[in-house]
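Architecture at a glance
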Amino acid sequence: MPVTSSCPPPLRPGVRRLERTLYLYAGLEDLVLLYPVYALLFAGHGLGTAEISSLFAIWSLTGLLVEVPSGVWADVVSRRLMTAVGPLLTAGGFALWVLFPSYGAYAAGFVLWGVGGSLRSGAMEALVHDELERLGAAWRYGRVMGRAAAVSMAATASATAAAAPAFARGGELLVGGASVVSCVLCAAVGATLPEHRGPAGGGGERRVRRGAYTAALRAGLAEVRGSSRVRHALLLSVVVTSVWGALDEYVPLLAAATGVATATVPWLVLVVWVGVTLGSLLVGPGERLSGRMLGAAVAAGATALAAGALSGGPGGFLMVGAGFLVFQLTDVLCDARLQEAISGPSRATVTSLAGLGTGLTTLLVYGAYAGLSAHAAHGTVFALLALPYLAVAVALGRARK
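Residue indices follow the written sequence of each chain, beginning from 1 at its first position. The predicted nature of this model means local features are confined to residues of pLDDT at least 70 and side-chain atom pairs, given and counted, to a pLDDT of 80 or more, with totals for whole chains, interfaces and linings taken over all residues. Side-chain measures were taken over the full set of non-hydrogen atoms in the model, leaving aside hydrogen atoms and water.

Considering a nonpolar patch on the surface
Taken together, Trp267, Leu270, Trp273, Val274, Leu278, Leu281 and Leu282 make up a surface patch of nonpolar side chains, about 660 Å² in accessible area. Summarising the element assignment, Leu278 is placed in helix α11 (residues 265-281). Accessibility here uses a 1.4 Å probe with only protein chains present; expressed as a share of the type maximum, an area under 20% marks a residue as buried, one over 50% as exposed, and anything in between as partly exposed. Judged by relative accessible area, Leu278 falls into the partly exposed class, the value being 40%. Distance thresholds for patches are 9 Å for like charges and 5 Å for nonpolar side chains (Val, Leu, Ile, Met, Phe, Trp, Tyr), applied to residues having over 30% relative accessible area and no salt bridge. Per-residue and other accessible areas follow the Shrake-Rupley method at a 1.4 Å probe size, with only the shown protein chains counted as cover for residues. Here, a salt bridge means any side-chain nitrogen of Lys or Arg that lies within 4 Å of a carboxyl oxygen of Asp or Glu. To qualify as a helix, a DSSP run of H or I must reach at least 4 residues; to qualify as a strand, a run of E must reach at least 2; elements of each kind are numbered from the N terminus.

Quick notes on the packing of aromatic side chains
Two rings belonging to Phe, Tyr or Trp (six-membered ring only in the last case) form a pair when the distance between their centres is within 6.5 Å. Interplanar angles under 30 degrees mark stacking, angles over 60 mark edge-to-face geometry, and anything in between is tilted. Across all of its chains, the model carries 24 aromatic pairs by this definition. Ring centres of Phe94 and Trp113 lie 5.1 Å apart, and the angle between their planes is 75°; on these two criteria the pair is classed as edge-to-face. Here Phe94 is found in helix α4 (residues 79-99), whereas its partner Trp113 is found in helix α5 (residues 103-120), with 19 residues between them in sequence. Taking the relative accessible area as the measure of exposure, Phe94 reaches 1% and is therefore buried. On the accessibility criterion, Trp113 (10% relative accessible area) is buried. Pairwise contacts between aromatic rings join Tyr35, Tyr38, Phe42, Phe56, Trp59, Phe94, Trp97, Tyr106, Phe110 and Trp113 into one cluster.

Some points on the state of the cysteines
Cysteine sulfur atoms are paired as a disulfide whenever they fall within 2.5 Å. Applying the stated criterion to the full structure yields zero disulfides. Cysteine Cys183 shares no disulfide, and the gap to the nearest cysteine sulfur, in Cys186, comes to 6.7 Å. Judged by relative accessible area, Cys186 falls into the buried class, the value being 0%.

Description of the environment of Trp59
Checked against the element boundaries, Trp59 lands in helix α3 (residues 49-76). Sequence separation of Trp59 and Pro101 is 42 residues, and the distance between their C-alpha atoms is 17 Å. Any two residues whose heavy atoms approach within 4.5 Å are treated as being in contact. If we skip the residues at most four places from it in the chain, Trp59 touches Tyr38, Phe110, Trp113 and Gly114.

Details of the nonpolar core
With 66 residues, the main nonpolar core has Leu22, Val128, Leu247, Leu305, Phe324, Phe382 and Tyr389 as its most contacted residues. Sort the elements by how many residues they give to this core and helix α14 (residues 317-341) lands first, with eleven residues. The residues touching Leu305, leaving out its near neighbours within four places in the chain, are Leu247, Met319, Val320, Phe324, Phe327, Phe382 and Ala386. Phe42, Ile52, Ala159 and Cys183 belong to the second largest nonpolar core, which has 23 residues in total. As used here, the term nonpolar core means buried Ala, Val, Leu, Ile, Met, Phe, Trp, Tyr and Cys residues forming a set that is joined through side-chain atoms within 4.5 Å.

What to know about the packing of α4 against α5
To characterise two packed helices, one gives the angle between the axes of the helices and the distance between these axes. Comment: axis = line fitted to C-alpha atoms, over the contacting stretch for helices; angle = value between 0 and 180 degrees taken between N-to-C directions. Contact pair α4 / α5: the axes reach a minimum separation of 7 Å and the direction vectors enclose 165°. Comparing their axes, α5 and α4 come out roughly antiparallel. By crossing handedness, the relation of α4 to α5 is classed as left-handed. In contact with Met82, Val85, Gly86, Leu89, Thr90, Gly92, Gly93, Phe94, Leu96 and Trp97 of α4, α5 contributes Ala105, Tyr106, Ala108, Gly109, Phe110, Leu112, Trp113, Val115, Gly116, Gly117, Leu119 and Arg120. Note on residue classes: Ala, Val, Leu, Ile, Met, Phe, Trp, Tyr, Cys and Pro are nonpolar, Asp, Glu, Lys and Arg are charged, and everything else, Gly too, is polar. Residue classes in the contact of α4 with α5 are distributed as 14 nonpolar, seven polar and one charged. Note that the term roughly parallel is reserved for angles under 35 degrees, roughly antiparallel for angles over 145, roughly perpendicular for angles of 65 to 115, and oblique for everything else. It is the rotation of the near helix from the far one that decides the hand of a crossing: anticlockwise by less than a right angle makes it left-handed, clockwise makes it right-handed.

Points about the side chain of Ser280
Assignment of secondary structure puts Ser280 in helix α11. Definition of a polar contact: a pair of N or O atoms within 3.5 Å, with one able to donate and the other able to accept a hydrogen when the atoms are protein atoms, and with sequence-neighbouring residues admitted only if both atoms are side-chain atoms. In terms of polar contacts, Ser280 uses its side chain to reach the side chain of Gln328, at 2.7 Å. Excluding its chain neighbours within four sequence positions, the residues that come into contact with Ser280 are Gly146, Arg147, Ala149, Ala150, Met153 and Gln328.

Digging into the pattern of salt bridges
All chains considered together, the criterion is met by ten salt bridges. For Arg79, the salt bridge goes to Asp130, with nearest N and O atoms at 2.6 Å. Of this pair, Arg79 sits in helix α4 while Asp130 sits in helix α6 (residues 123-134); the two residues are 51 residues apart in sequence, bridging distant segments of the chain. One salt bridge in this structure joins Arg120 and Glu125, with 3.9 Å as the shortest N-O distance. You'll find Arg120 and Glu125 in the same group, each marked buried. A cluster of three or more residues bridged by salt bridges with shared partners is formed by Asp75, Arg79, Asp130 and Arg347.

Thoughts on the confidence of the model for the protein chain
Residue-level pLDDT values for the protein chain average 89, and 94% of them are 70 or greater. By mean pLDDT, helix α8 (residues 206-226) is the weakest element of the protein chain at 79, and α4 is the strongest at 96. Scored below 50 in pLDDT, residues 1-5 shows 17 contacts in the model against residues more than four places distant or in partner chains. Taken as a whole, residues 201-208 scores under 50 in pLDDT and shows four contacts with residues more than four places along the chain or in a different chain. Think of pLDDT as the predictor's per-residue confidence, scored from 0 to 100.

Here's the deal with the environment of Leu364
One can find Leu364 in helix α15 (residues 347-373). With 121 residues separating them along the chain, Leu364 and Val243 place their C-alpha atoms 9.2 Å apart.

Details of helix α7 (residues 141-190)
Its 50 residues give α7 an end-to-end C-alpha distance of only 18 Å, which falls more than 12% under 74 Å, the value for a rise of 1.5 Å per residue. The term bend refers to the angle at a residue between two fitted axes, each drawn through seven residues, those ending there and those starting there. For α7, the principal kink sits at Gly170 and spans about 125°. Here a helix's expected span is defined as the number of its residues, less one, multiplied by 1.5 Å.

A word on the packing of α11 against α14
The geometry of α11 relative to α14 is characterised by a closest axis approach of 7 Å and an angle of 30° between their N-to-C directions. By the angle between their axes, α11 is roughly parallel relative to α14. Crossing of α11 over α14 shows right-handed handedness. Here α11 contributes Leu268, Val271, Val272, Gly275, Val276, Leu278, Gly279 and Ser280 to the contact with α14, which in turn contributes Phe317, Leu318, Val320, Gly321, Phe324, Leu325, Gln328 and Leu329.

This is how it looks when you write it as structure tokens:
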């Protein structure tokens, strides 16, 4: 993990500006009132479960296809441009849903959302790291991204709380319109992020630009192949992020399996989200852990997750939340380790390669969950899928700080 000194150097003025802009961007990006109700919106316009599932598949596939090309584009053209254009595309997708409610519009909206999310993925991490490095504050990267994640979660919770009264007052037009406005404001904030690097390959002819794309992709792939440190950090990031990220989607089902009333399920889910938020906020202290100590924490988190899930009662969600706290903390620290390991010019490309690996592995976890759930209870499946974190714990324990 990145080493921080007990007496860090004083911060240059640009650091605080960058952090404030990032936090505002993160909050607006997830202040989307459509999040908790869009599946109900689809069903209300006559779509069945199979059609809704196909929309989710379109969304996932789009993200996977665009993930790496968007990272290369960010390295060649402008990372700030990607962070601004991404939310605008998402806003366009949400507008299609509200103005033209139909399967075709929903599918087109998910394509725009998938592309928009991929444009931001990789570009944001690369921009923030390189700007902090320019300002002599690269050591703050992990805690800054952890706080940004906490702001995102708070914004999601706020949007979830506001969605029901907004929908009751103004229907899908108000909920959708508010979501579009939030995305447009997010794009405006993204356009103000500092970026002190020129586009690769210059601004010349299309032939030169195409060569710059190829060079950026090759440089990113070469760095992954040629650096065991980058490769190790990338693989760790993929495993840590994808498993708990997939399990998060099934937390409501695990909560319902405890036998509590339906109205109580959101409260149990909230316990887990509190754990995730605390994990984001504890990145600063987490950076001071040795590899062995962090590995022990991950092993303890996996044990807590398995025990809480197998308990079969609502009290077990305190342990599930504790497990997710550790996984979120480790998630941010592994991203920081990856950014620290990257030394070449294709930072966004390498980060997008990690995003592609995470997306593919997440799909595998979804498939494993579907297959296991046909033969075992949700608690048992959660416990089984906590096992990969024991391998993560061993890998972290062997790593140097």
